[in-house]
Structure formats: C-alpha cells, structure tokens
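Remarks on the overall topology
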Amino acid sequence: MTISVLWGILLSTRVLRRFDNPSWLNDIHAYASGMSILMVLLHMVSLMLDGWLRFSITEVLVPFSAHYRAFPVALGVIAFYLLIAVGGTSLLIKRLPRPFWRTIHYSSYGALILISFHAGFTGTDVGSPWYRWLSLTLIGLASLAIVTRVLVGRSVNRAARPRRDDVIVPRTAPAATASSTAAAAAVPSSPLGGPATPVVSLDGLDLVVVARRRVAEGVVGIRLARADGHPLPVWHPGAHLTLRLPGGLERQYSLTSDPADRQSAEICVRLSPTSEGGSSWIHSTLHEGMRISAVGPSNHFELEPAPSYLFVAGGIGITPILAMIESLPARRDWYLLYIGRSRATMPFAAELLRQYPERVTVFPSDEHALPADLHAFLARGADLVYCCGPESLMDAVAAYVSPERLRIERFVAVVRQSLAGLHSTEVTCRRSKVSFTVPATSSILEEMERHNVPIIGSCRKGVCGTCEVRVLGGVPEHLDSVLDDDRKNDLGIMYPCVSRSSSTELILDV
Ligand code: FES
C-alpha cells in the first residue's frame with residue numbers, strides 16, 4: 001500500500017517526467033493498490049480462522065466491535081472501507097466527475113495513516129520495536145504527503161470552485177465570452193431570448209502581467225502571476241483562464257506554458273479582426289505591471305493518460321496543445337500536425353520544429369497548393385486524438401476519428417436544435433433544496449440564478465463549461481458544445497445555460 005501511495009504521488013507530481021512514465025507505470029500503481037485490498041481481505045479471513053484470536057465476521061467488519069484492542073482494530077477496519085472506496089471509484093473513473101474521484105482518491109493517504117497505526121499498535125506478533133518504528137515512518141511519510149496535497153488542493157479549490165455562500169452580484173451588462181480563437185460574438189442576455197439575468201460573482205484570482213511579448217504576427221503572449229506573490233493554483237494541460245475585462249466582458253484563454261511552473265503562466269491572444277473589445281483591449285491596453293482579475297483555471301480538455309497521441313492544431317489552437325506536449329514524458333509516442341495561414345502567423349511553429357523535428361509537421365497553407373492531408377496524418381493511428389482550432393478543422397477531424405478517441409475543444413457554439421422541442425421543465429436543485437419551473441422562454445441557468453442557486457455562468461452559449469452541474473435524475477437534452485454527448489452522459493453532467501430536458505423533471509446536484 002505504501003508503494004502504491006508513494007508511487008501515485010510521484011506520477012501525479014511529474015517528478016518522473018524526464019525518465020518517461022508510460023501507462024504501464026500507472027498500471028503498477030493500480031496493481032499495487034489492488035494487491036493491498038487483496039492482502040487486507042486475506043488478513044481479515046486469517047483473523048477469523050486464527051484459533052487464538054477467534055474474530056467473528058462482525059468484529060472484522062464493524063469498527064469498535066472487536067473484543068481485542070477495539071480501537072486500533074477499528075482503525076484497520078475503517079482503512080479497509082477507505083481502500084474499497086478508492087479502488088471502486090478508480091474502476092469507475094470514466095463515469096465519475098474528476099473532482100469527486102480525486103477527493104475519494106486522496107483518502108488513500110488517510111487509509112495509509114490508519115493502517116500504519118493499526119499495524120503498529122494492534123500488537124500480537126507485530127508488536128516488536130522495529131515494527132513500530134516502521135509504522136511511525138509510514139505515518140510520517142503519509143502525513144507529509146497529505147499536508148502537501150491539502151495545501152495544493154486548497155489553492156485549486158479556492159480559485160476554481162463556487163461555494164454555497166458566494167455572493168450573488170447583479171450586473172448591469174450581460175456577461176459576454178469568447179475564445180482566443182474566435183471573434184468575440186456578443187452574448188445575448190439569454191440564449192433563448194429571455195431577459196438579462198444576474199450573474200453569480202466569485203472571488204477570482206487577482207493577477208498581474210509580469211511579461212508581454214509578441215509570439216507571432218497579430219498574437220501576443222501575456223505572462224501572468226498572482227498579485228500577492230503566491231503560486232498559481234495547480235493546473236493541468238488543456239486548462240483555460242477566464243479573464244474579466246472592462247465593461248463586464250469575459251474572455252477565455254488557454255494556458256500555454258509548462259504546468260510545472262507555478263510562479264507564472266502564459267496565455268496567447270490573437271487580435272481578432274472582428275473584436276468586440278476583448279482581444280483588441282488586450283492588444284492595445286494590457287501591458288506589463290497592470291492588474292487583471294480572472295476566474296479559474298478550469299479544464300474541459302484534459303490530457304488523459306494514453307500510450308500514444310495525435311495532436312491536430314489550427315492557428316491559435318496550438319496553445320492548449322503546447323502545454324500538453326510540454327507535460328508529456330520525454331519518450332511518449334506523439335505526433336503533431338500544426339496548420340496555419342502562414343509561418344509568420346503561427347505561434348511557436350519554429351520552436352516546435354526545432355525541438356521535435358521528427359514529431360512535428362508544420363503546414364502553412366500559403367506554402368501549399370492543396371490542403372493538409374488530414375487522412376494520411378490520422379492514419380498513423382493513436383490511442384487518443386486531440387484537436388483544437390477552427391470549427392472546419394475540428395469537423396474534418398471528427399469525420400475521421402471515432403468519438404471515443406477524439407477530444408476537441410470548441411470555442412464557437414455549434415448550432416443545435418432541440419429535438420424534444422422547447423417545453424417547460426420542473427427542476428429540483430437537490431442541495432439548495434429549491435424546485436422551480438423553467439418555462440420554454442428561459443434557460444435552466446437563468447432560473448437557477450433567479451432562485452439564488454449557487455452556480456456561475458460565463459459564456460451562456462454552451463462553450464466554456466463554467467456552468468457544469470451533475471444530473472441526479474431525469475434525462476438532459478444536451479445542446480451545448482463542450483464535450484461529446486456520450487461522455488456527458490457517462491459522467492452524468494450537463495450545461496444548463498443552453499441544454500434542456502427531454503424528461504418533464506430534472507434533478508440537479510447543486
Ligand atoms: S456558461 Fe459557458 S457552458 Fe454554460
């Protein structure tokens with residue numbers, strides 16, 4: 001169990017990146033944890049078969065019921081249940097929301113501490129001084145791991161998660177959001193044409209611009225750090241920040257630097273010819289030393305572990321993919337096809353070619369008579385394909401790759417018609433203990449806000465993923481563009497800013 005926990009920490013902290021940590025190392029972690037559950041089960045059975053101890057099944061399974069040293073035995077029993085929870089949720093990892101899985105997974109530290117006390121202080125034939133010493137060493141190691149992870153996790157949660165008691169601030173202007181890739185389309189007050197609604201405001205990050213540079217023609221790189229000097233929250237490749245700009249505008253930009261650097265992170269912003277105030281303000285006004293507030297980082301384009309990857313990037317869509325490439329172990333199998341208008345407009349093209357000449361294909365359209373041969377590139381085959389760029393590129397890739405293998409990040413909402421037709425729906429927000437009717441003229445998100453349900457919306461077009469909620473009952477009709485619909489159903493989530501319900505009632509975990 002110690003091997004499994006410590007190995008898991010090494011894997012998640014990327015300490016082993018330079019030496020490559022292929023997926024079979026994850027398998028070792030899973031195998032070690034499975035073996036620890038099996039060992040505990042064997043241990044429990046042996047206690048029942050032991051003629052001297054004669055534990056009953058109740059004593060083995062119910063904490064504090066043992067006739068022999070009830071307290072340390074109970075610690076072992078509780079640890080056993082924690083191990084079962086960790087193992088069970090790991091088997092269901094694809095079906096559970098990541099934050100939930102992570103929370104349960106971290107309880108393995110607690111299990112390690114409990115088992116160490118249990119092993120060191122239950123007695124019988126393991127009560128020797130050296131065994132106690134070993135037990136205390138394990139407790140020390142696990143405590144260190146817990147302190148590290150709790151401190152790190154707290155800074156993530158503070159920045160990225162809404163709390164029930166967050167303040168609700170009505171805004172005079174509706175929030176508008178767009179991406180680094182797309183022109184900032186004005187976001188209507190309601191996706192269905194309803195009235196303007198209040199927006200839930202959260203304490204965000206107070207950031208300062210520590211550097212600004214030109215990374216390509218019409219593209220600036222903005223390096224941001226926390227104004228209070230603390231490290232940035234932990235983020236993973238594929239994450240984006242939502243910047244709050246003057247005039248109530250909100251814009252999302254992928255983080256593009258190395259996630260291991262917690263002191264600062266870079267975003268890249270292309271000046272959109274049809275900018276409505278987002279990219280043009282950043283290009284003209286946001287300079288070194290200025291402060292800006294942001295929400296996040298949040299991630300709906302996470303790099304999942306896989307033996308091999310194909311990356312397809314179009315223009316500024318290289319930004320999240322660059323962070324992914326930076327974080328991959330040195331010898332992991334991956335290839336990148338990077339398409340753009342011209343070399344001059346393609347950020348990081350030269351650096352990528354210089355660093356990975358055998359893995360990167362740069363395709364400036366102005367140097368070729370024909371479009372890039374996507375089919376030939378994708379025919380290489382890989383376990384997962386990540387694509388970010390213009391809609392036409394993502395649609396073309398989606399035509400070749402099955403949804404299970406494809407991960408795309410859209411910045412422009414796909415036009416989706418409701419098959420169920422717009423009808424009123426009964427919505428229950430379980431944790432807020434509120435029920436209400438959502439009329440056909442209003443979105444579920446708007447009604448949630450109207451009833452003071454703690455939820456935040458940003459783009460309100462089903463693109464940014466900010467308003468994600470878990471579905472506890474009913475059948476959502478997904479009309480957003482965040483994830484593949486099957487994945488959302490597997491995860492049991494929906495995006496209520498645009499999605500509706502196929503059933504007459506929805507029960508949401510908020
Ligand atoms: S607010 Fe952006 S997806 Fe719902």
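Residues numbered from 1 in each chain as written. Predicted model: local features only at pLDDT ≥ 70, side-chain atom pairs only at ≥ 80, totals over all residues. Heavy atoms only, no water.

Re the packing of aromatic side chains
Under the definition given, this model contains nine aromatic pairs. Where Phe-301 meets Tyr-386, the ring centres are 5.5 Å apart and the plane angle is 65°; that geometry is what we call edge-to-face. In this pair, Phe-301 is assigned in the loop between strand E8 (291–298) and strand E9 (308–314) and Tyr-386 in strand E12 (residues 384–388), connecting sequence segments 85 residues apart. Note on Phe-301: relative accessible area 2%, which makes it buried. Seen from their ring centres, Tyr-309 and Tyr-386 are 6.2 Å apart, and the 55° between their planes marks the pair as tilted. With a gap of 77 residues between them, Tyr-309 in strand E9 and Tyr-386 in strand E12 connect regions that are remote in the sequence. For the pair shown, Tyr-309 and Tyr-386 are each scored as buried. The ring centre of Tyr-335 lies 4.2 Å from the NZ or CZ of Arg-380, which sits over that ring. (Phe/Tyr/Trp six-rings, centres within 6.5 Å; stacked < 30°, edge-to-face > 60°. Helix = DSSP H or I, 4+ residues; strand = E, 2+ residues; numbered from the N terminus. Buried < 20%, exposed > 50% of the residue type's maximum accessible area, 1.4 Å probe, protein only. Lys NZ or Arg CZ within 6 Å of the ring centre and 35° of its normal.)

Observations concerning the sheet that holds strand E20 (residues 505–508)
Sheet strands pair by backbone hydrogen bonding; their relative direction is either parallel or antiparallel. Judged by pairing direction, the sheet is mixed, and its five strands sit side by side in the order E15-E14-E20-E16-E18 without closing on themselves. Two strands in the sheet have a free side with no partner beyond their single neighbour: strand E15 (434–438) and strand E18 (493–494). As paired elements, strand E14 (residues 425–429) and E20 share four bridges and run parallel to each other. Bridging from a neighbouring strand, Cys-429 pairs with Leu-508 of E20. (Pairing = 2+ DSSP bridges.)

So, a negative patch on the surface
Where like charges cluster on the molecular surface, the negative patch consists of Glu-404, Asp-484, Asp-486 and Asp-490. Assignment of secondary structure puts Asp-490 in helix H13 (residues 485–491). (Patch = residues over 30% accessible without salt bridge, like charges linked within 9 Å, V, L, I, M, F, W, Y side chains within 5 Å. Areas by Shrake-Rupley, 256 points an atom, 1.4 Å probe, with all protein chains shown as cover. Salt bridge = Lys/Arg side-chain N within 4 Å of Asp/Glu carboxyl O. Lys, Arg positive; Asp, Glu negative; His and termini not counted. Charge placed at Lys NZ, Arg CZ, Asp CG, Glu CD.)

What about unusual backbone geometry?
Of note in the backbone geometry, Arg-69 takes a positive phi value of approximately 40° without being a glycine. You can see Arg-69 is positioned in the loop between helix H3 (57–61) and helix H4 (70–91). Classification of Arg-69 as partly exposed rests on a relative accessible area of 41%. In this model, Arg-460 sits at a positive phi of 60°, which is unusual for a non-glycine residue. Secondary-structure assignment places Arg-460 in the loop between helix H12 (444–450) and strand E16 (469–473). On the basis of relative accessibility, which here comes to 5%, the residue Arg-460 falls in the buried class.

Observations concerning the environment of His-375
You can see His-375 is positioned in helix H10 (residues 374–378). Distance from His-375 to Val-401, taken between C-alpha atoms, is 9.6 Å for residues 26 residues apart in sequence.

Considering the pairing of E15
The side-chain alternation of E15 yields one buried face, formed by Val-434, Phe-436 and Val-438, and one unburied face, formed by Ser-435 and Thr-437. Looking at chain direction, E14 and E15 are connected through five bridges and run antiparallel. Following the sheet pairing, Cys-429 is matched in E15 by Val-434. Here E14 folds back onto E15, and the loop between the two strands holds four residues, one of which, Lys-433, carries a positive phi near 55°.

Considerations on the nonpolar core
With 31 residues, the main nonpolar core has Tyr-309, Phe-311, Ile-321, Trp-334, Leu-336, Tyr-338 and Leu-352 as its most contacted residues. Contributions of two or more residues to this core are made by strand E3 (205–216), E9, helix H8 (318–327), strand E10 (333–340), helix H9 (349–355), strand E11 (360–364) and E12. Per-element accounting of this core gives the leading share, five residues, to H8. Counting the residues that make up this core, at least three belong to each of domain 2 (204–298) and domain 3 (308–409). (Core = buried A, V, L, I, M, F, W, Y, C linked by side-chain atoms within 4.5 Å. Domains from an automatic or database assignment.)

Notes on the UniProt feature "transmembrane region" (unreviewed entry) in the protein chain
The feature "transmembrane region" (unreviewed entry), as annotated in UniProt, sits at residues 28–49, 70–93 and 130–152 in this numbering. Along residues 28–49, the helical share is 100% and the strand share 0%, with 31 Å between the first and last C-alpha atoms. Secondary structure within residues 70–93 divides into 92% helix and 0% strand; the distance between the first and last C-alpha atoms comes to 34 Å. (UniProt positions renumbered as here; feature names shortened; annotations may be inferred.)

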